[in-house]
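Observations on chain architecture
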Amino acid sequence: MEKEAKNDARYSIVTYDLTKKYGDLCAVNQVNLSVGTEIFGILGPNGSGKTTTVLMLTTLLEPTQGTAEVCGYNIHTEPRKVRESISYVPQDMAVDVRLTGRENVHMFAELYGVQNPAERSEEVLRILELSDRADEYAKVYSGGMRRRLELAQALVHNPKVLFLDEPTVGLDVAARKKIWEHIKKLRNAGMTIFVTTHYMDEADKYCDRVAIIDHGTIKAIDTPENLKKIISQDVISVSVTGPYTGVDLPGVRFAFFEDESIVFYADSGDEALPQIKDALSANGVTVTAMSLRKPSLDDVFLHLVGTEEDKGPFNLSTFRNMTRRRG
Amino acid sequence: MNPILVYCRRDLIRWFRGKWGFISAMVMPAAWLLFVGLALPISFTDNYIDFVTPGILVMTILSASLAGGGLLILDRMLGFFNKFLALPPPRESILFGKILVISIRGIIQSTIILCFAFLLGAKLYTPSQLAGTYLILFIFGALLASAAASIAIYLDDHDQYAAANAMITMPLFFSSSAMMPYEQMPSWLVPVAHINPLSFAIDGIRIFQTGEIPLTQIGFLSILCVFIIGVAVHVFRKVQV
């Protein structure tokens, strides 16, 4: 009953208990998603099953169990129809460096069977602001330009759904912003964008909805705003020297260790700051710095996937490094 | 445009523009012809270059095909393969594109070798002998390209593939009838040379030179070719990304 309700035209991607196992390892575990015309981010650390999910949805990988529909076509029984309706840009940034920008796009236009490949190539090159340099070899393109060239290749046949695997990995700030601006324009033009990322801030800023995935299991799906409401409190981060033995204050809750700091959630942050300082000092702990902020998607992520009892502070900070390899 | 031709054109352009790969592919077989064809002290014939040219042609196709498998590995390592697999054309069009590009490369190289051999004093082929030679080289190229593609997909690693490549090429070449006729071989090598697919291609070309049509060789190579293409298509359809 639920499944039928989900299977309507508003959704371009619907998955039903999508599962992929590699031997004993369950890379993707019974994922159920419905994605409409939106920027849908799937957020998780490396190895959490994001890419595996995308590979199944793009028909490159057979699910072990469950199935999915993309643009109304079943990934198992109508893979070709699925591939005609979508584009997939993997993480690797694979453009032919010995071909010019134009040749790179033109090749894809032909492979997609576009009616007027030359015209259409010009058009997408213009949209992605590559026309000026379309006759240069892709070898001389910067990282951001190569990524835009890949987007041009992906857009040349006007797909209904665009899959992007870590679209901004390895790009500088300006190039990342530009890529996201293009992605937003596409969404506004009615395209479904399914994007994987481990950059929380980008997901927070640009995605309409976010699914948080860990160890192949979806932990939460909602808008970034609503996800942040899961932590309805302020976040206080305290740097200390000395052994932390715990504080007992009303309205203040220990959250987790983060690198060298202790993180608390507080109902009212402004009032809690001096209280925490006093309580720690009373325990013989020296406070070296304190900060107060609203919850970010990072906090939600750690709250959802990182607060299990068996995960000590060491694990959390490793986890943290894994999810924010930005330096 | 047919996707097979699009894939093929891509690799050809990359080959031409990547100058050194192209130059090396031209110079290597010419060097073989010169140093093996003219320099070895051979007593069983007074025109060894006539004898050895078919062997060099087939060896060139062998190395071109194995290089083609390398192209596939690089495509896979650099992420092109995944992009191509997510496109509408069937997976095996990637394979047929590679077979075609390898065949074209092989034919271009063969033509250069033949011209060079004629310059060095080999007896000129008649048009029908030429056609027969190219037919055999084409079938043999498709056969080896499919085999190389299957090995490439199976090994999935550039170093491993280079190792396998080196391990296959040398013994296969020297255990064939490329360098010497069966009568001149040590007796233990004769049965090996007779079942070596390279020998079938080489003998086929030599039989064309005598004016006969090597039906056995063409038949054997064609059947093997169809079989190996079948294997390669199967491997391509099953490949896990």
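Only a predicted model underlies this, so the values are computations on that prediction, with no experimental measurement involved. (Residues numbered from 1 in each chain as written. Chains lettered and ligands numbered in written order. Predicted model: local features only at pLDDT ≥ 70, side-chain atom pairs only at ≥ 80, totals over all residues.)

With that settled, the discussion passes to the confidence of the model for chain B. Overall, the prediction assigns chain B a mean pLDDT of 90, with 100% of residues at 70 or greater. This complex was scored by the predictor with a pTM of 0.83 and an ipTM of 0.87. (pLDDT = per-residue confidence, 0-100.)

Buried residues dominate helix α11 (residues 297-305) of chain A, accounting for seven of its nine residues. Buried within α11 of chain A we find Leu297, Asp299, Val300, Phe301, Leu302, His303 and Val305 of chain A. (Buried ≥ 20, exposed ≤ 12 C-beta atoms within 10 Å, placed from the backbone. Helix = DSSP H or I, 4+ residues; strand = E, 2+ residues; numbered from the N terminus.)

Looking now at the interface of chain A and chain B. Of the residues lining the interface, 19 residues belong to chain A; the matching set on chain B comes to 20 residues. In terms of residue class, the side of chain A that touches chain B is built from 10 nonpolar, two polar and seven charged. (Contact = placed C-beta atoms within 7 Å. Nonpolar A, V, L, I, M, F, W, Y, C, P; charged D, E, K, R; others polar.)

Now for the sheet that holds strand β14 (residues 261-266) of chain A. Residue and element names in this part refer to chain A. If you trace the four strands from one edge of the open sheet to the other, you get β13-β14-β12-β15, paired in antiparallel fashion. Only two strands of the sheet have a single neighbouring strand rather than two, namely β13 (252-258) and β15 (286-293). Geometrically, the sheet is characterised by an average inter-axis angle of 25° between neighbouring strands, direction not taken into account. Relative to β14, strand β12 (residues 234-241) runs antiparallel, the two sharing six bridges. (Pairing = 2+ DSSP bridges. Axes fitted to C-alpha atoms, helices over the stretch in contact; angles between N-to-C directions.)

Considering the arrangement of structural elements, one finds valine 241 of chain B in the segment after α10 (215-238). Ignoring any residue separated from it by four or fewer positions in sequence, one finds valine 241 of chain B in contact with Leu55, Leu60 and Leu61 of chain A together with Asn82 and Leu85 of chain B.

We now examine the pairing of strand β8 (residues 161-165) of chain A. All names here are of chain A. Burial runs high along β8: five of the five residues are buried. Side chains Val161, Phe163 and Asp165 project from β8 onto one buried face, and the interleaved Leu162 and Leu164 project onto a second face that is buried too. In terms of strand pairing, strand β7 (residues 86-89) meets β8 through four bridges, oriented parallel. Opposite valine 89, over in β8, you have leucine 164 as the bridge partner. Relative to strand β9 (residues 192-197), β8 is paired through five bridges, and the arrangement is parallel. Looking across to β9, one finds that leucine 162 is bridged to isoleucine 193. Chirality of the crossover, the property in question, places the unit of β8, helix α7 (residues 173-188) and β9 among those that are right-handed. (Right-handed = clockwise from strand over helix to strand, strands pointing away.)

Further remarks concern the sheet that holds strand β11 (residues 217-222) of chain A. All names here are of chain A. Reading across from one edge, β7-β8-β9-β4-β10-β11 is the order of the six strands in this open sheet, with mixed pairing throughout. Of all the strands in the sheet, just β7 and β11 have a single pairing partner and so form its edges. Across the sheet, the mean angle separating the axes of adjacent strands is 15° when strand polarity is ignored. Bridge count for strand β4 (residues 39-43) against β9 is five bridges, and the pairing is parallel. Residue pairing across strands places isoleucine 39 opposite isoleucine 193, the latter belonging to β9. Across the sheet, helix α2 (residues 50-57) is in contact with β4, β8, β9 and β10 (209-214); its angle to β8 comes to roughly 150°. Contacting β7 and β8, helix α6 (residues 143-155) runs over the sheet at an angle of about 160° to β7.

The next subject is the domain arrangement of chain A. Residue and element names in this part refer to chain A. With domains assigned, chain A is organised as domain 1 (2-227) and domain 2 (228-323). Between the C-alpha centres of domain 1 and domain 2 there is a distance of 35 Å. On the side of domain 2, 13 residues touch domain 1, which itself brings 15 residues to the contact. Ranked by residue count, the leading element in the side of domain 1 that touches domain 2 is helix α9 (residues 224-229), at four residues. (Domains from an automatic or database assignment.)

A few words now on the pairing of β10 of chain A. A regular strand places its side chains so that they alternate between the two faces of the sheet. Residues and elements named next belong to chain A. Within β10, five of the six residues are buried, which leaves it mostly tucked inside the rest of the structure. Bridge count between β4 and β10: four bridges; the pairing is parallel. The partner of isoleucine 42 across the bridge, within β10, is alanine 211. Pairing geometry for β10 and β11, over five bridges, is antiparallel. Within β11, the residue paired with aspartate 214 across the bridge is threonine 217. What sits between the antiparallel neighbours β10 and β11 is a turn of two residues, in which histidine 215 has the positive phi angle 50°.

A separate point is unusual backbone geometry. All names here are of chain A. Positive phi outside glycine occurs at aspartate 17, with the angle close to 45°. Its location among the elements puts aspartate 17 in strand β1 (residues 13-22). The class for aspartate 17 is partly exposed, based on 14 C-beta atoms found within 10 Å. Within the chain, glutamine 30 stands out as a residue other than glycine whose phi angle is a positive 45°. Assignment of secondary structure puts glutamine 30 in strand β2 (residues 25-31). Here glutamine 30 falls in the partly exposed class, since 15 other C-beta atoms lie within 10 Å of it.

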